[in-house]
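Breakdown of the fold
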Amino acid sequence: MSAAMAVACIPLLYALAKHRLDARTALVAAFFLAAFPGFIHYGREARMYAQLFVLLMIAILFFFRLFDRFSISTTWERALQSLGFALALAGTFYTHYTAAVYFVCFAAAILLLGVRNQMFHWSFYAIGAMALATVLVLPQIFHMLDFVATNQDEWIPYTSVRVFYSMMTGVYTAPTFAKPALYTLYLFGLYILYRKDRDLFLFCVSFRIVGPVIMAAIGVIKPVLLVRTLQPLSLLSPILLAIAVLNTPRWLGTMAACFIGVISLVSISKDYPSSRQPLLVEIARPFLDGVDPKREAVFHIEDLSYEFRWASVDTSGFIPVSYDSMENDQGRIRGRLDLCETDPACHRTLLILESSNQFLPEESARWLRFAKTAGFIEKEELGRYKVFEFKV
């Protein structure tokens, strides 16, 4: 699904660039998007980000159609474009909470384009579409407010100058030595865009400046600033690269295109292992199938429950533990160990933990320390998990 959504973005970007600029620029921009490391990363990840890309791209297309004074001639057509814009924009918010920032970015773009072109009558269609989108997402807004009030993403840093710089530069993945040249191309493309299509330039400014600044401001209070939340705001960046490459002498443009292709390949090659990494349940299937639920118990990090269900493992005697209820879970394990000291029917107790959790490093380290202090012996390491055994 993610791959299909990512692929769908390519013709959508082509359509926008061709509509606003020309077919040649659109073709090069589509090529750069297809090779964009961050875009490929989220297109390979089984999460919601590729869907967010395609919905945002559809919303952008409808948005520019609304402000096209030539291709739409009737009120009915403009109303249909408004409806499409509203549905796509609402879809982004149902996909990810950070899409709330897109509403502000589009509002800024409406203001800038309306003032510049004196198109206040058509701006009302866009404003009405945003109002409709807001009504459509009201259930999700209430859900978001509850989530923000109760959820604590301790692994996300609060916004600071250093964090802001790191996240902004992280959006454009490239080797460190190549970043100055890459940023120069982006700025040059932005300058040429300013001269060629002022409306598209103002829109890019709304998303690439207004959007990150708002997220950074929110991140001072509630951490939200991540490369992955900023990535959709850079969805039109390949257009800037295409403009930059095509507006230099041919020999220099060819070198720049090859340079972009090479650094993209270098960045992509480090993104994922060359082959699929096996699941724990695939590695340890013979070991797990040998568990006797009457005499043995297996305590495991609760996320593994999904793998066990997927592989149809008999989980009799399997007890999930978590990072949230660590003290209670550790108390249950100690109770089991105390029982085994006196009950001859109790054979062994297994504990499966993560070697390290990148989002909860301190909590995963506490679990590993508990395993050692409770008397468990590390039996083996399976992928990113460690299996501990307590045997009477």
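Coordinates for the structure precede this section.
All of the points below concern the structure found in this document.

Here is what the cut-offs are and how they apply
Residues numbered from 1 in each chain as written. Predicted model: local features only at pLDDT ≥ 70, side-chain atom pairs only at ≥ 80, totals over all residues. Heavy atoms only, no water. Helix = DSSP H or I, 4+ residues; strand = E, 2+ residues; numbered from the N terminus. Buried < 20%, exposed > 50% of the residue type's maximum accessible area, 1.4 Å probe, protein only. Contact = heavy atoms within 4.5 Å. Lys, Arg positive; Asp, Glu negative; His and termini not counted. Charge placed at Lys NZ, Arg CZ, Asp CG, Glu CD. Phe/Tyr/Trp six-rings, centres within 6.5 Å; stacked < 30°, edge-to-face > 60°. Pairing = 2+ DSSP bridges. Axes fitted to C-alpha atoms, helices over the stretch in contact; angles between N-to-C directions. Expected span 1.5 Å × (residues − 1). Bend = angle between axes of the 7 residues up to and from the residue. Polar contact = N/O pair within 3.5 Å; in protein donor to acceptor, adjacent residues only side chain to side chain. Arc of directions from axis to C-beta. Patch = residues over 30% accessible without salt bridge, like charges linked within 9 Å, V, L, I, M, F, W, Y side chains within 5 Å. Areas by Shrake-Rupley, 256 points an atom, 1.4 Å probe, with all protein chains shown as cover. Salt bridge = Lys/Arg side-chain N within 4 Å of Asp/Glu carboxyl O. Core = buried A, V, L, I, M, F, W, Y, C linked by side-chain atoms within 4.5 Å. Parallel < 35°, antiparallel > 145°, perpendicular 65-115°, else oblique. Left-handed = near helix turned anticlockwise from the far one by under 90°. Nonpolar A, V, L, I, M, F, W, Y, C, P; charged D, E, K, R; others polar.

So, about the overall build of the protein chain. Across its full length, the protein chain carries 19 helices and five strands. With respect to the principal axes defined by its C-alpha atoms, the protein chain has extents near 85 × 50 × 40 Å. Taken across its 392 residues, the protein chain has 50% of its residues classed as buried. Summarising the internal contacts of the protein chain: among those between residues at least 6 apart in sequence, 73% fall at separations of at least 24. Of the side chains in the protein chain, 35 bear a positive and 31 a negative charge, and the two mean positions are spaced by 12 Å.

What follows deals with the packing of aromatic side chains. Going through the model one piece at a time under the given rule, you end up with 23 aromatic pairs. Note on phenylalanine 39 and phenylalanine 53: the rings are 6.0 Å apart at their centroids and 20° apart in plane angle, and the pair reads as stacked. Placement of phenylalanine 39 in helix 3 (residues 37-44) and of phenylalanine 53 in helix 4 (residues 49-66) is noted, with a sequence separation of 14 residues between them. With respect to burial, phenylalanine 39 and phenylalanine 53 carry one shared label: buried. Residues tyrosine 102 and phenylalanine 207 carry aromatic rings whose centres are separated by 6.3 Å and whose planes lie at 35° to one another, so their mutual orientation is tilted. You can see tyrosine 102 sitting in helix 6 (residues 100-117) and its partner phenylalanine 207 sitting in helix 11 (residues 198-221), a full 105 residues away along the chain.

Pairing is mixed across the open sheet formed by five strands, whose spatial order is 2-1-3-5-4. The sheet terminates laterally at strand 2 (318-321) and strand 4 (377-382), the two strands that pair on one side only. The sheet shows a mean angle of 20° between the axes of neighbouring strands, direction not considered. Bridge analysis of strand 3 (residues 348-354) against strand 5 (residues 385-391) gives seven bridges, and the strand direction is antiparallel. When the sheet's bridge partners are listed, arginine 348 is paired in strand 5 with lysine 391.

Looking now at helix 11. For helix 11, which comprises 24 residues, the first-to-last C-alpha distance of 35 Å matches the rise-based estimate of 34 Å (1.5 Å per residue) to within 8%. At valine 210, helix 11 is deflected by roughly 25°, the largest bend along its length, and proline proline 212 occurs up to four residues later in sequence. N-capping of helix 11 is provided by aspartate 197, with a side-chain oxygen placed 3.2 Å from the backbone N of aspartate 199.

What follows covers helix 18 (residues 326-342). Under the 1.5 Å per step criterion, the end-to-end length of helix 18 is 25 Å for 17 residues, consistent within 8% with the ideal 24 Å. What helix 18 keeps buried is the set Met326, Asp329, Gln330, Ile333, Arg336, Leu337 and Cys340. On an axial view of helix 18, the arc spanned by its buried residues comes to 115°, and they lie on one face. Across from the buried face of helix 18, at angles greater than 90 degrees, the exposed residues are Glu327, Asn328, Asp338 and Thr342. Where the residues of helix 18 are buried, they touch strand 1 (296-301), strand 2, strand 3, helix 19 (361-373) and strand 5.

Another point: a nonpolar patch on the surface. The grouping of Trp76, Leu80, Leu83, Leu87, Leu132 and Leu136 at the surface amounts to a nonpolar patch, some 580 Å² of accessible area in total. Elements with a contribution of two residues or more to the nonpolar patch: helix 5 (75-95) and helix 7 (120-136). If you tally residues by element for the nonpolar patch, the top one is helix 5, at four residues. Following the sequence through the fold, leucine 80 ends up in helix 5.

Moving on to the pairing of strand 3. Strand 3 sits mainly inside the fold: seven of its seven residues count as buried. The side-chain alternation of strand 3 yields two buried faces, one formed by Arg348, Leu350, Ile352 and Glu354 and the other by Thr349, Leu351 and Leu353. Sheet topology places strand 1 next to strand 3; five bridges connect them, and they run parallel. In the strand pairing of strand 3, valine 298 is matched with leucine 350.

Let us now look at the environment of arginine 47. With respect to the secondary-structure elements, arginine 47 resides in the loop between helix 3 and helix 4. Residue class for arginine 47 comes out partly exposed when judged on its relative accessible area of 40%. Residues arginine 47 and leucine 337, spaced 290 residues apart in sequence, show a C-alpha to C-alpha distance of 39 Å. Ignoring anything within four residues of it in the chain, the contact list for arginine 47 reads Ser2 and Arg228.

Core analysis: the largest hydrophobic core is formed by 90 residues, its most contacted members being Phe63, Phe106 and Leu236. Considering every element that reaches this core, the biggest residue donor is helix 4, with 14 residues. For leucine 236, the residues in contact, after removing those within four places along its chain, are Leu13, Leu16, Met57, Ile60, Leu200, Phe203 and Cys204. Core analysis: the second largest hydrophobic core is formed by 18 residues, Phe370, Ala371, Phe376 and Phe388 among them.

Time to look at the packing of helix 1 (residues 2-20) against helix 4. As a packed pair, helix 1 and helix 4 sit with axes 8 Å apart at the nearest point and diverge in direction by 20°. It follows that helix 1 is roughly parallel to helix 4 by the angle criterion. Judged by the sense of rotation from one axis to the other, the crossing of helix 1 with helix 4 is left-handed. Across from Ser2, Met5, Ala6, Ala8, Cys9, Leu12, Leu13, Ala15, Leu16 and Arg20 in helix 1, the residues of helix 4 making contact are Ala50, Gln51, Phe53, Val54, Met57, Ile58, Ile60, Leu61 and Phe64. Here the contact of helix 1 with helix 4 is built from residues that sort into 16 nonpolar, two polar and one charged.

Each pair of packed helices can be summarised by the angle the axes make with each other and by the distance between the axes. Relative to each other, helix 1 and helix 2 (residues 23-35) sit at 150°, their axes nearing to 8 Å. One way to sum up the angle between helix 1 and helix 2 is to call them roughly antiparallel. In the packing of helix 1 onto helix 2, the handedness of the crossing is right-handed. Counting all contacts with helix 1, which are made through Cys9, Ile10, Leu13, Tyr14, Ala17 and Lys18, the residues of helix 2 involved are Ala23, Ala26, Leu27, Ala29, Ala30, Leu33 and Ala34. Across the contact of helix 1 with helix 2, the residue classes tally to 12 nonpolar, no polar and one charged.

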